[in-house]
Amino acid sequence: MASSSPDEPPAKETPGTECPIYEEVICLDRVEQNQRLAVEELIKTEASYVHTIELCVCDIRVHLQQKQLPDIDLEGLFSNIDDVLCVSKRFLKGLEATVSQEPEQLLLISALFQEFKEEMESVYKVYCACYEQALLLVESYKKDPRLQQEIVDTLNTTVPHTGASDLSFFLVMPVQRVTKYPLLLQKILENTSARDNAYSALQSAASAMLEINANINEYKRRKEVATKYSKVEHLTLRERLGRLNKHSIAKKTTRLSRLFMHEAGIVPKTEDKEFDHLEEKFQFLASGVTELKENVTSYLNNLQVFLLSKPQECELEMEGAAQQYRRLAGMLHRTIFPEFRRRLDQLVYQPLCSLSETLKGPQQLIRKRLDKLLDYEEIEEKKSEMGNMTYDEEATMNTYLAINTLLVSELPTFNQVAMQWLGQILRSLVALQRDLAKQVLQKAEIELAQLPHSHVPLPTFWKMVKETLRQSGAQLNSFCQKFETVMPSPVVQPLSPAEERRVLSLVSKHGPEKLYQVTSNISGSRDLDLTLQRGQIVALLHEMDTKGNTNRWLVDAGGHRGYVLAGKLQPYHLVQSQKPRMQMLAPDAGAEKRRHSYTLPETPRPQILVTPPAFQVVAGYAFTARSPHEVSLQAGQPLTVLEPHDKKGSKEWSLVEVNGQRGYVPSNYLMMVPTQELGGWSLPAWSLPTQQT
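Definitions and cut-offs
In this convention, every chain numbers its residues from 1, walking through the sequence in written order. Under the rules for a predicted model, residues below a pLDDT of 70 receive no local features and side-chain atom pairs below 80 are neither given nor counted, while totals for whole chains, interfaces and linings still include all residues. For side-chain calculations, the full set of non-hydrogen atoms in the structure is used, while hydrogens and water are omitted. Every helix listed is a DSSP run of H or I at least four residues long, and every strand listed is a run of E at least two residues long, numbered separately from the N terminus. Only protein chains enter the area calculation, which uses a 1.4 Å probe; residues under 20% of their type maximum are buried, those over 50% are exposed, and those in between are partly exposed. A 1.4 Å probe and the Shrake-Rupley method give the accessible areas. Residues count as covered only by the protein chains that appear here. For our purposes a nonpolar core is just a set of buried Ala, Val, Leu, Ile, Met, Phe, Trp, Tyr and Cys residues, chained together by side-chain atoms within 4.5 Å. Contacts are assigned to residue pairs with any non-hydrogen atoms lying within 4.5 Å of each other. Any two strands with at least two DSSP-identified bridges between them are counted as paired. Each axis is a line fitted through C-alpha atoms, taken for helices only over the stretch in contact, and angles between the N-to-C directions span 0 to 180 degrees. Whenever a nitrogen or oxygen atom comes within 3.5 Å of another N or O atom, the pair is scored as a polar contact, on the condition that within protein one atom can donate a hydrogen and the other can accept it, and that pairs from neighbouring residues in sequence are kept only if both atoms are in side chains. Here a helix's expected span is defined as the number of its residues, less one, multiplied by 1.5 Å. What the arc measures is the spread of directions leading from the helix axis to the C-beta atoms. Like charges within 9 Å and nonpolar side chains (Val, Leu, Ile, Met, Phe, Trp, Tyr) within 5 Å are joined into patches, using only residues over 30% in relative accessible area that form no salt bridge. In what follows, salt bridge is the name for a side-chain nitrogen of Lys or Arg lying within 4 Å of a carboxyl oxygen of Asp or Glu. Here is the rule: rings of Phe, Tyr and Trp (six-membered ring for Trp) pair when centre to centre is within 6.5 Å. Planes less than 30 degrees apart are stacked, more than 60 are edge-to-face, and the remainder are tilted. Ring-over charges, as used throughout, are those where CZ of Arg or NZ of Lys falls within 6 Å of the ring centre and within 35 degrees of the ring normal.

As named in an unreviewed UniProt entry, the protein chain is Rho guanine nucleotide exchange factor 37, taken from Gopherus evgoodei.

Pasting the structure below:
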């Protein structure tokens, strides 16, 4: 039997037994290498992105600011890019810190994304929502050769190495970066083993970035809806009528019907206590801003009128204290008050107008929300009955939800900022008033020190003032009494027969206490205004117009009724004559005792007498009684008016007696007719004074 030699070399192992293990090692090395490359790409691209944004903020924007181009809206172009840069720089610092901790790097990167999730969403959603508007600005600047050349010169000066021809190259980078985060994380995740401890953390980070992008898109959609419905359009009546069609009329009719059912309690309202609370705060703020703006406007107008009056420039033959007054008043009118008005307009009125304009957008959006809410409720009711809805109805419901969500999320911040803005305006107003009072007091003290009574104790000074006023009042009263004895009384002017009949008609309808005389010609310039001549007699019906304006009175001019200015009327009363059944018309002595245009010196004052005709009340129209409290009438039937009103004081019904029966009839069914021919006015007769030769 043969045996193997000890010097014989051992048999070689088959190489195929190690091949699978070798390939697995190579595969793992390739995956780890791709993973490292993906992580390096995340960090390097973030560093490049932050560097580009810094160039945009620190170089391009600063260079444009230094040019001071009023036609370029830098805030609209760059939006909140400062906030984006701040968050990105801190995020980059955290990414670079993970490089030295390689075993836990993936876990740290995942945790970093989770940590910056809310900050990234808050800054990027604002930037992305304003990005479309920034692009519109860039396109508008391209149409202006001068502005476009300025922008190109800025890019060539600050960032020539980029080769950018317009700002859109830089403005799009934040939008691209936030959408790239999920892709970078997904690439790292694809090169990470499912058994790795960081795998689930990377999945969560990638999902968080996808959620951020979805929220940004939703926020952008809501902002677009809000922008569409918050625009305040100033349309003429013709343009509004041109927008009407069958669809819009049907939609508005449905909304109005739904609103009536809400108010009547037929259908319940959709309650949103959170929004109702926010809206109440907003409306309170809006009403306060409107009222303050009206008051400041009136204040500025009154101040302007005050500055136009310059009594200190009148040549008064007075010495002493009057000279100090003229110097002080002249100084106030030339310097202090004009400067105060300028600062008031700049620091209070203009910011108040800007705040008022800012409130118009949310106000319009709140009104649109109510319209969409009514549509939403109508569709919900239809859906519950039919079980389905159309694409347009679904879009309408989504529009309401978008507007409501946006208002609920944005109104708290808006109310807070607007309240701070209003508070600053009020503080400026108070500071201006305090400065004005301080300046006037300083100037007044200088002038008061030169007066002879400047060192007199205050009680003694006021006693002197009262005594001086008393003496001056007594002198003025004595002068008026002497003037009354010298000046003749006014002459009562005659009226034409036609005017006489019209006045008597007004007296019979409204009573003598309602008569007024027109003091100057009136030309009606508004709807329902009357055009009257000076001296014409009217009867007062109501001391205000339909809007509550007490400066416009409703009067009866003896046929026409309308409005006239109250300041152009004076009371007119009937003076009883000593003769029976005689009366005289004369102006009210209390309203205007002396009128030089009516005065004839050394002429007797004749009385203008008129014999009033006898009148009888008759039924102007036939009336049939409808209850035991009423009485029937025949047209032209004589009757007696017992009370010109009913038991509640209403003048629409009158208590009358006819044929021995008493009852109520409509007051406008009655009329007064004369029983005899009207007598004319007796003309005054007096002899003219002979001329002195």
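Participant: How would you summarise the overall build of the protein chain if you had to cite specific residues and measurements?
Facilitator: What the protein chain contains, in helices and strands, is 16 helices and 11 strands. The buried share of the protein chain, reckoned over its 693 residues, is 34%. Put simply, the protein chain shows about 44400 Å² of open surface, and 54% of that area lies on carbon and sulfur atoms.

Participant: Give a description of the nonpolar core that names residues and reports values.
Facilitator: Among the nonpolar cores identified, the biggest contains 62 residues, and Leu 77, Phe 113, Met 120, Tyr 124, Leu 167 and Leu 171 are the most heavily contacted of them. The element best represented in this core is helix H1 (residues 19-67), accounting for 12 residues. In this structure Leu 77 touches Ile 72, Ala 134, Leu 137, Val 138, Tyr 141, Leu 167 and Leu 171, once residues within four positions along its chain are discounted. Judged by nonpolar contacts, the second largest core, of 39 residues, contains Val 225, Ala 226, Phe 275 and Ala 418.

Participant: Break down unusual backbone geometry for me, citing the residues and quoting the values.
Facilitator: The backbone phi angle of Ser 79 is positive, close to 50 degrees, even though this residue is not glycine. You can see Ser 79 is positioned in the loop between helix H2 (74-78) and helix H3 (81-97). In this structure Ser 79 comes out as partly exposed when scored by relative accessible area, which is 22%.

Participant: Tell me what's going on with the sheet that holds strand E8 (residues 640-643), and back it up with residues and numbers.
Facilitator: Within the open sheet, the 3 strands sit side by side as E8-E9-E10. Their pairing is antiparallel. Across the chains shown, the open sheet's two edge strands, defined by having one partner strand only, are E8 and strand E10 (661-666). Geometrically, the sheet is characterised by an average inter-axis angle of 40 degrees between neighbouring strands, direction not taken into account. Where E8 lies against strand E9 (residues 653-658), 3 bridges are found, and the strand directions are antiparallel. Within the sheet, the bridge partner assigned to Val 641 lies in E9 and is Val 656.

Participant: Can you tell me about the side chain of Arg 255, naming the residues and giving the values?
Facilitator: Considering the arrangement of structural elements, one finds Arg 255 in helix H11 (residues 246-264). With relative accessibility at 11%, the residue Arg 255 sits in the buried group. A distance of 2.8 Å separates polar atoms of two side chains, one belonging to Arg 255 and the other to Asp 375. Setting aside chain neighbours within four positions, we find Arg 255 in contact with Asp 371, Lys 372, Leu 374 and Asp 375.

Participant: Go over H11 with me, naming the residues and quoting the values.
Facilitator: Helix length check: H11 (19 residues) gives 27 Å between terminal C-alpha atoms against 27 Å at 1.5 Å per residue, within 8%. Of all the positions in H11, only Ser 248, Arg 255, Arg 258 and His 262 are classed as buried. Buried residues along H11 cover an arc of 95 degrees about the axis, so they all sit on one side. Turned more than 90 degrees away from the buried face of H11, the exposed residues are Lys 246, Phe 260 and Ala 264. Of the residues one or two after H11, Gly 265 is the one with positive phi, at around 80 degrees.

Participant: Can you lay out a nonpolar patch on the surface for me, pointing to particular residues and giving the numbers?
Facilitator: On the surface, Leu 237, Leu 241, Leu 244 and Ile 249 cluster together into a nonpolar patch covering about 400 Å² of accessible area. Within the element layout of this structure, Leu 244 appears in the loop between helix H10 (237-242) and H11. The class for Leu 244 is partly exposed, based on a relative accessible area of 40%.

Participant: Break down helix H12 (residues 273-308) for me, with residues and values.
Facilitator: Over its 36 residues, H12 runs 53 Å from end to end, which matches the ideal 52 Å to within 8%, given 1.5 Å per residue. Turning to H12, its buried residues number three or more, namely Phe 275, Leu 278, Phe 282, Leu 285, Ala 286, Val 289, Leu 292, Val 296, Leu 300, Leu 303 and Leu 307.

Participant: Can you break down the packing of aromatic side chains residue by residue, with the values?
Facilitator: All told, the structure shown has 14 aromatic pairs when counted by the stated rule. Consider the rings of Phe 91 and Phe 113, whose centres lie 4.9 Å apart with planes at 65 degrees: the pair is edge-to-face. In this pair, Phe 91 sits in helix H3 while Phe 113 sits in helix H4 (residues 105-115), placing the two residues 22 residues apart along the sequence. Phe 113 shares its class with Phe 91; the two are buried. One aromatic cluster in this structure is built from Phe 91, Phe 113, Phe 116 and Tyr 181. Of note, Lys 125 hangs over the ring of Tyr 219, and the distance from its end group to the ring centre comes to 4.9 Å. Across the ring face of Phe 275, the terminal group of Arg 369 is positioned such that the distance to the ring centre comes to 3.6 Å.

Participant: If you had to explain the environment of Arg 501 to someone new, which residues and values would you point to?
Facilitator: Checked against the element boundaries, Arg 501 lands in helix H16 (residues 497-510). Residue class for Arg 501 comes out partly exposed when judged on its relative accessible area of 43%. Separated by 57 residues in the primary sequence, Arg 501 and Gly 558 have C-alpha atoms spaced 9.6 Å apart.

Participant: How would you summarise the side chain of Arg 552 if you had to cite specific residues and measurements?
Facilitator: Relative to the elements of secondary structure, Arg 552 occurs in strand E3 (residues 552-556). Looking at Arg 552, its side chain comes within polar contact range of the side chain of Asp 529, at 2.4 Å. Here Asp 545 takes part through its side chain, which lies 3.2 Å from a polar atom of the side chain of Arg 552. Excluding its chain neighbours within four sequence positions, the residues that come into contact with Arg 552 are Arg 526, Asp 527, Asp 529, Glu 543, Met 544, Asp 545, Tyr 563, Val 564 and Leu 565.

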